[in-house]
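Read off the chains here:
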Amino acid sequence: MVYNIAIPSHKRLDVLKRCTLSFLDRHGIPHSKIYIFVAEEELTDYITLESEGYNVCIGDKGIHKQREAISNYFDEDEYLVSIDDDVNDMIVYGVS
């Protein structure tokens, strides 16, 4: 299954690295599958992540507009997982 992971972030590069990116690394998610969306004026803060293989994309200000920018960035037939920048683990309940 082809999928990508989209993470909107706003002035929380340290939180993003410590939580979500660390969590995804622990589970072996390739950096090339991870797209981090930031407002244009924050690009210089986050662009260093590209040297680690992450995709840093310009979105819009405000979470609603940012999520809309994420939806518009990917093709309609692509599988997309969208998570916040402060996720440090996931628990699955009720799976047999």
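Because the structure is a prediction, the values reported are computed rather than measured.

Basis of the calculations
- Residues numbered from 1 in each chain as written.
- Predicted model: local features only at pLDDT ≥ 70, side-chain atom pairs only at ≥ 80, totals over all residues.
- Heavy atoms only, no water.
- Helix = DSSP H or I, 4+ residues; strand = E, 2+ residues; numbered from the N terminus.
- Buried < 20%, exposed > 50% of the residue type's maximum accessible area, 1.4 Å probe, protein only.
- Contact = heavy atoms within 4.5 Å.
- Expected span 1.5 Å × (residues − 1).
- Bend = angle between axes of the 7 residues up to and from the residue.
- Salt bridge = Lys/Arg side-chain N within 4 Å of Asp/Glu carboxyl O.
- Arc of directions from axis to C-beta.
- Phe/Tyr/Trp six-rings, centres within 6.5 Å; stacked < 30°, edge-to-face > 60°.

Draft legend 1. The environment of Val-81, seen in detail. Take Val-81: it is sitting in strand E4 (residues 79-82). Assessed through its relative accessible area of 37%, Val-81 is described here as partly exposed. With 37 residues separating them in the primary sequence, Val-81 and Thr-44 have C-alpha atoms 25 Å apart. If sequence neighbours within four positions are ignored, Val-81 has contacts with Asn-4, Ile-5 and Ala-6.

Draft legend 2. Examining helix H1 (residues 13-26) more closely. With 14 residues, H1 should reach 20 Å at 1.5 Å per residue; the first-to-last C-alpha distance of 18 Å fits that figure. In H1, a bend of some 25° at Thr-20 exceeds every other bend along the element. Turning to H1, its buried residues number three or more, namely Leu-13, Val-15, Leu-16, Cys-19, Thr-20, Leu-21, Phe-23 and Leu-24. Gly-28, located one to two residues past H1, shows a positive phi value of around 70°.

Draft legend 3. Layout of the pattern of salt bridges. Per the stated rule, a full pass over the model turns up four salt bridges. Between Arg-12 and Asp-85 there is a salt bridge; the shortest N-O distance is 2.7 Å. Here Arg-12 is found in the loop between strand E1 (3-8) and H1, whereas its partner Asp-85 is found in the segment after E4, with 73 residues between them in sequence. A relative accessible area of 31% means that Arg-12 is categorised as partly exposed. The shortest N-O distance in the salt bridge between Arg-67 and Asp-84 comes to 2.6 Å. You can see Arg-67 sitting in helix H3 (residues 63-73) and its partner Asp-84 sitting in the segment after E4, a full 17 residues away along the chain. A relative accessible area of 31% means that Arg-67 is categorised as partly exposed.

Draft legend 4. Fine view of H3. Regarding H3, the residues found buried are Gln-66, Ala-69 and Ile-70. Projected onto a plane normal to the axis of H3, the buried residues spread over an arc of 100° and lie on a single side. Every exposed residue of H3 that faces more than 90 degrees away from the buried side is listed here: His-64, Lys-65, Ser-71 and Asn-72. Buried-residue contacts for H3 involve E1, strand E2 (34-38) and E4.

Draft legend 5. The arrangement of the packing of aromatic side chains in detail. Evaluation of the coordinates by the stated rule reveals five aromatic pairs. Judged by centre distance (5.3 Å) and plane angle (85°), the ring pair of Phe-37 and Tyr-73 falls under edge-to-face. Of this pair, Phe-37 sits in strand E2 while Tyr-73 sits in helix H3, and the two are 36 residues apart along the sequence. The exposure class of Phe-37 is buried, given its relative accessible area of 0%. Taking relative accessible area as the criterion, Tyr-73 reaches 45% and is therefore assigned partly exposed. Ring geometry for Tyr-73 against Phe-74: centres 5.0 Å apart, planes inclined by 75°, an arrangement best described as edge-to-face.

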